Amino acid sequence: MKKLTLLLFLLPLLTFAQDDLLDGVEPAAGKEKVTSAFKALKIVNLESTKLAAKGDLYFVVAHRFGSVKDGFEGFYGLDNANTQIKFIYGLTEGLHVSAARNQLAYDFAAKYALFSQVKDGFPVTIAGFNSMSINNTLKESLYPNLEFSDRLTYVGQLLISRKFSEKLSLELAPSIFHENFVDNPLQDNTQYAIGMGGRYKFSKRWSLNIDYAAHLNRAGNSVFNNPLSIGFDLETGGHVFQMHFTNSQGIDEAGFLGRTTGDWNKGDVFFGFNLARVF
């Protein structure tokens, strides 16, 4: 069953990672492709429809401090940080792959272009995203029968964005993810969510970014919450520096979609940033 689930999540990637990957991406002759719906590869936590260009290597540092509600005792979150180191490489103009590690999980992913928004033509940009993460928080001392496969979570997403103007871009991200191990017996291993986010550019260098994901089949007794993130992008010399507040300290998709612990209503939020360097 686990092998079948893995195949389910990898099938879109295997389908589109072929020589004809860009067949549906390029607009017809005379049609202008709409670009730069998002300047960064992520909105905040949610993946955007932007991909790394062919041959580009990104080195990304994503940082989430501890909860600000800890107050001075935890130095307002600075003492309990989660840091992700990530490498992203553009294999083709329509496909990039990534590998990442943070204190909570290892993460391997691919994002690939399907269709492009075209002026006076196709109305949206569509990309696919697949990832596999290894949960590093499960301890064998607590779960003596734990197997390596129990640590795996598979994520599949469609990223659908539209650039409405030079200032406003919005995105929807229907998502499915499968956790091989769930601690709550009332929680289904296969779970569904709908992500949504957007970017509003209010000056030449600054934009407001917001994303949210609504979990569709979370168990009624679950301790986890839906992730809401609010932040700003600062464009500096061809790079984008992202600063934000979020109720999820998890950075990988499995972490923030399924295991968000913070609560905005209780002030349980985390300050963070994403910083990328392109080679």
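Structure: see above.
Residues numbered from 1 in each chain as written. Predicted model: local features only at pLDDT ≥ 70, side-chain atom pairs only at ≥ 80, totals over all residues. Heavy atoms only, no water.

### Structural notes on the environment of N180
Mapped onto the elements of the fold, N180 is located in the loop between strand 7 (168-179) and strand 8 (190-201). Take N180: its relative accessible area is 10%, and that puts it in the buried class. Taking the C-alpha atoms as reference points, N180 and R151, 29 residues apart in sequence, are found 6.8 Å from one another. Polar contacts involving the side chain of N180 include one to the main-chain carbonyl oxygen of S149, which spans 2.7 Å. (Helix = DSSP H or I, 4+ residues; strand = E, 2+ residues; numbered from the N terminus. Buried < 20%, exposed > 50% of the residue type's maximum accessible area, 1.4 Å probe, protein only. Polar contact = N/O pair within 3.5 Å; in protein donor to acceptor, adjacent residues only side chain to side chain.)

### Here's the deal with the side chain of E253
Turning to its location among the elements, E253 is positioned in helix 2 (residues 253-258). With residues up to four places along the chain from it excluded, the contact list for E253 reads K42, N45, E47, D107, F129, S131, V155, Q157 and G258. (Contact = heavy atoms within 4.5 Å.)

### As for the pattern of salt bridges
Overall, the coordinates contain 7 salt bridges when judged by the stated rule. The residue K42 makes a salt bridge to E253 at a minimum N-O spacing of 3.7 Å. Taken together, the positions of K42 in the loop between helix 1 (2-16) and strand 1 (57-67) and E253 in helix 2 put the pair 211 residues apart, joining distant regions of the chain. Residue K42 is classed as buried on the basis of its relative accessible area of 11%. As a salt-bridge pair, E47 and K111 come within 2.9 Å of each other at their nearest N and O atoms. Placement of E47 in the loop between helix 1 and strand 1 and of K111 in strand 4 (residues 105-115) is noted, with a sequence separation of 64 residues between them. For the pair E47 and K111, a shared accessibility class is recorded, and that class is buried. One salt-bridge network, in which partners are shared between bridges, spans E47, K86 and K111. (Salt bridge = Lys/Arg side-chain N within 4 Å of Asp/Glu carboxyl O.)

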